[in-house]
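The lines below spell out each chain.
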Amino acid sequence: MMQTIKNIYQLGVKELISLCRDWLMIALIVYCFTFAVVTASRAQPDSISRATIAVVDEDNSQLSGTLGDAFIPPMFMPAAHITRPEIDPLMDAGRYTFVVVFPPDFEKNVLSGKGPEIQVNVDATRMTQASTGAGYIQQILNGEISKYLRKKSASAANCVIRNRFNPNLTQSWFSSIVQLVNNITMLAIILTGAALIRERENGTLEHLLVMPVTAFEIMMSKIWSMMAVVLLASAGSMYFVIKMYLEVPIEGSIPLFLAGVAIHLFAATSLGIFLACVARNMPQLGMLLILVFIPMQMLSGGMTPRESMPVWIQNIMLAAPTTHFVSFCQSILFRGAGIEVVWKPFLMLLIIGGVLFSISLTSFRKSL
Amino acid sequence: MSAPSETGAGDPVVSFRELTLCYGKVRALDGVSLDIPARRLVGLIGPDGVGKSTLLSLITGAHALQQGELKVLGGDMRDAGHRDRVCPRIAYMPQGLGKNLYFTLTVEENLQFFGRLFGHNAAERRKRIDRLTRSTGLYPFLDRPAGKLSGGMKQKLGLCCSLIHDPDLLVLDEPTTGVDPLARRQFWDLVDSIKLEHPQMSVIVATAYMDEAQRFDDLIAMDEGKILATGTPAEILARTGKADLDAAFIQLLPESRRSGHKELTVPPLVCEKEDDYAIVAEGLTRKFGSFTAVDHVSFKIRRGEIFGFLGSNGCGKTTTMRMLTGLLPATEGHAELFGRPVDGGSMEIRRHLGYMTQLFSLYGDLTVRQNLMLYARLYGLPEAEVPERVERMLERFQIRGIEHALPKDLPLGLKQRLSLAAAVIHDPDILILDEPTSGVDPVARDLFWELIIELSRKDKVTIFITTHFMNEAGRCDRISLMHAGKSFVCDSPENIIAARGTTTLEEAFINVLEEADPEANKSSGDAIRTEEAGPETGAETGPECFRLFSIRRWYSCFWRETLELMRDPIRATLALFGAIILMFVMGYGINMDVENLTYSVLDRDRTRTSQNYALNIAGSRYFTERAPVHDYQELDRRMKSGELSLVIELPPRFGRDVDSGRSPDVSFWVDGSMPSRAETIDGYVKAIHDEWLSSRSKNPSKKNSKDVSIQTRYRYNPDVRSLPAMVPAVIPLLTLMIPAILAALSVVREKEMGSIINLYVTPVTRSEFLLGKQCPYLLFAVLSSLLLTVMAVTIFDVPIKGSIFVLLLSSVMYAVVATGMGLLASSVTKSQIAVIFLTMMGTLLPACQLCGMTTPVESQEGIARFIGSIYPTTYMLLISRGVFNKALYFSDLNLPIGALALMIPVIMGAGIMLQKKQES
């Protein structure tokens, strides 16, 4: 027992020394937890930003001119003026996402209360911008017309929307955290998987198995060392990059989050070992990584809401560690939830990790 | 052989002056000058890593020159035109078993490939292949994949492939390393007979076996990038005054390298008890599927004995060792160490075992001392003893002074000693050594054996060792010879020689092998005699060989790549299957429709009006109602857990206030933790609220008070669903990434495997080679885009509204671009893992984020916009969406189609130009 712990410790220290000598890998890790997080928070703009818009003004009145100028950055690019016959070819070519058409005699009809029609053409293949953008256009047009008519309309009831946890819906808060979450998973899998394959290709793994060292000890040593590296990096990234530099307000307890990360890392590193047991060589590991990691990332609920996926995909994804990871990250970091809420994903991660670990353990020797 | 100053008879085939070549800081060749005479069999001797291979790769033009002058077959090798001209006249067989062969291809297919490269027509190829394989004994194995041949046969096939075009200069780099003695002798007989057939041919051979060097016409001894001596074998022996070349070579080495070297003697084995066996194996058998790697091998090894295990590569030596160590369970039979059965799980046995593999199994990133400490601790030595033990090892194995160096920086000889130190640090009783001396120079090998003998005789360690070297075998107490999984003799070297009636151990072994495998013996020798020898037709150096682009050579590359792809169905299916999986994932995953949102109502009014308001929401298809919330605390708790995405709070007196026109506030609490989702919810909520308002305002039959009506037309995708918009966008992404990775891998794999050498040393040009390799993947890419399109129409129900012809045409063009980008990536990378990452980063990121899949290119800024506007996926996306969603035809899409067409020559050109035709 004592010897087991000592062996796990010794082999883990060896992993850490090896990693320290690999400058490229260190650079990659640092990049993933600093620049990549910052870039991600900036790259993905708020869902509508700099949308391309054109105006067909067949009225050429003061009102239509004002309305045409009302579309301003950062939400919209300055509106281009085109003619009616140009609408189809330009939208077909994808040049404009929105085209607003003011009919002839628009201003006159507005003033005389005839309620003229403004046509808004939306390129609905641009999913991210289509419906929100159309909503904003409607708001802008209504607002400008009300201003123009100097009218105050009283409605039966007012709609007051309060966005909790992120009142202004700042996209960067979310993207930076999602990026961190993805990087944690990716690095944990790659680091352990590649470490195991490298050791197998160098022949040292075979040597270890001739010595009084068990497969369990080898696997545990890889898990704890890589866990330590990623955990340290994510703690640093959380405090210094996300909280201090990007000034993302964190609702919940960071220690609780890190405890969750540790549990997730157990599952992710076990997955890395499992993939390394399945793959025969590095290229195969690379292919497997693509096939496993991309779906895990896209369907975890971090990119698009889980509830809008088909039920069978939701069920399959329950077996992926990232699903539970993303779920507790959102709960802790944004909603400030405590252990009474997140114990369920924690438990699920432990189970997934345990299963992967035991499967790898039984196939470890055969995979030599 | 002549030094540069003396002018020998006839023109030299190769001559070089002040040739220097560095790999980084290491000088592989250090200003060497020499003329090599034509029509001779010239041997390059010396241990590994002294510059032999470097010199040969320069001579064949495989490696680019750095400094100095080199003339081969009468022309300057710096001149690319001359290289192209002499290329068909030089044959090169690189180091390593079957380095220039394709293992999944059969013998026949390999030969056909090389025949086509040299421009022979079908009849000519048939004639030459039959003649060569008959004379080498490979004829019966024409249908066998090259990877399944034994080491000796691989080398023979390699030789056949080199000889198929009747070269004037044959260059062989260590052709017999790892080959058993019989196959070695047959190989040299073959070379001799070929030399007889073609007297005008010059042959240059590198070898580490000094005993082979005896048969060459001339020798060049090399060490540390310099030439030590040249001359015929007899001259060299005479100059050094030694009896054999091994000793002569050591004599030639400078004083510093020779220090500490003395003739080895092995003290006799003294056994107290005759039947004190350390290792016992009985009927040990191991099968892999139908293949029997080890076939009923039995032996008994006494305590303190040095037991040698001999045989060619792949004869089952390593498998036997792995069974002894418990790494591999035996299929039949059993093995015992110290009277206890071997069991992979037994820690006790492992504590008494020391093991050293061919690969030395040291951790390259740990210092020498750290390595030793780690091994000591893993063997469970008490912590207090560890430092003392490490010191003792450093002392005993003479590795003090380098204890802080990294093993990866050490020369082989030192690595070998360090590895042995690590294997015996725990004082094992049995030491198992798997080819510990291959690739190590003679001085280091003798030093190593000194340690082995000391361990055996002084410490009574039982040693089990495998080797290729006959002089090492002679030092063992007993040896066993393995061939094709069977053990043939097992006795002391002296007894074996005596029993066979031969003078040397090597002859004795050849004798044994011939007896065991009469087929192998017959095949080479007599066949050559029956052959009506003679170069009846010279190599067909017709105009085809020099044409800029030869369809036949292109077809040869294409045909070979297709065969390889077909032999590796796992790769192809994984890629196709992967595309389908990822299509599903992305089709459903990148889903902007927000549905099934959970919401609940906090109704503080409980009037008809408030209930009517709540019902209004319940009717929406976007929302799913959960049990009502009763107070703020509950609201807080349920939103925190993520159970509720939206809570609608209707204030007290809501109904009354509405009726009296006091405009009460309805509060919507939205979970903002995922901003894009929250934004969508906000939109839905506003719309529902407006609807409720207008439904109310209709009730009192008041005239519509709106100033304008805004009519929104969602074009191309009236329901604003994600799927119809995403699926046409995902197809270009997948048909870019996967074919690009496959094409890139196909080239880099050759670089890693070494068969890229065929590009360097045969007349095939870069464009023929790359276009040939690209074609199968091009077809694959077109196939997969067809498959994905069919999936889109059938499974995802996204109809094609526009011109199918345009879609097909642009898919083909896009496939060319995608595979071309893979070739481009392959030109700058050397390892497979690097190329996978590079291609993934280079395709996935731009294609997903910059090309208008989600955010239009026009909305991007700066560099992102620039990349987006030149990246091919941008245009393919326009075409794909145009055809699928917008019902467009050729005339509407001529711009993006033109852009794609323009990219083909640019990308292909860059990919071909950047690929190197020589190693540098």
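Everything numeric in this text was worked out from a predicted model, so none of it was measured.

(A) Broad picture of the overall build of chain B. Regarding its fold elements, chain B presents 34 helices and 25 strands. At 37 Å, chain B has a C-alpha radius of gyration far larger than the 29 Å of a compact globule built from 920 residues. Each principal axis of the C-alpha atoms in chain B carries an extent, and together these give about 125 × 75 × 50 Å. Split into buried and exposed, the 920 residues of chain B put 49% on the buried side. For chain B, the proportion of contacts with a sequence separation of at least 24, taken over those separated by at least 6, is 76%.

(B) Quick peek at the interface of chain B and chain A. At the junction of the two partners, chain B supplies 99 residues and chain A supplies 97 residues. Looking at which element gives the most residues to the side of chain B that touches chain A, the answer is helix α26 (residues 675–698) of chain B, with 12 residues. Of the residues contributing to the side of chain B that touches chain A, the split by class is 46 nonpolar, 31 polar and 22 charged. Pairing between strand β5 (residues 158–164) of chain A and strand β24 (residues 665–671) of chain B: seven bridges, direction parallel. Following the sheet pairing, I161 of chain A is matched in β24 of chain B by F668 of chain B.

(C) Looking closely at helix α19 (residues 505–516) of chain B. All names here are of chain B. Taking 1.5 Å of rise per residue, 12 residues should cover 16 Å, and α19 covers 16 Å from first to last C-alpha, within 8% of that figure. For α19, the set of buried residues is L505, A508, F509, I510, V512 and L513. Structurally, α19 contributes buried residues whose contacts are with α6 (181–197), α17 (470–473), β19 (478–483), β20 (486–491) and α18 (493–500).

(D) Structural detail: the sheet that holds strand β21 (residues 597–603) of chain B. Strands sit in the order β5(A)-β24(B)-β23(B)-β21(B)-β22(B) across an open sheet of five strands; the sheet is mixed. Strand pairing shows two members of the sheet lacking a second neighbour, β5 of chain A together with β22 (623–625) of chain B, which therefore form its edges. On average, each strand axis in the sheet is inclined to that of its neighbour by 30°, with strand direction left out of account.

What counts and how
Residues numbered from 1 in each chain as written. Chains lettered and ligands numbered in written order. Predicted model: local features only at pLDDT ≥ 70, side-chain atom pairs only at ≥ 80, totals over all residues. Helix = DSSP H or I, 4+ residues; strand = E, 2+ residues; numbered from the N terminus. Rg over C-alpha atoms; globule rule 2.2 N^0.38 Å. Buried ≥ 20, exposed ≤ 12 C-beta atoms within 10 Å, placed from the backbone. Contact = placed C-beta atoms within 7 Å. Nonpolar A, V, L, I, M, F, W, Y, C, P; charged D, E, K, R; others polar. Pairing = 2+ DSSP bridges. Expected span 1.5 Å × (residues − 1). Axes fitted to C-alpha atoms, helices over the stretch in contact; angles between N-to-C directions.

Spatial relationships are all this shows, so hold off on functional conclusions.
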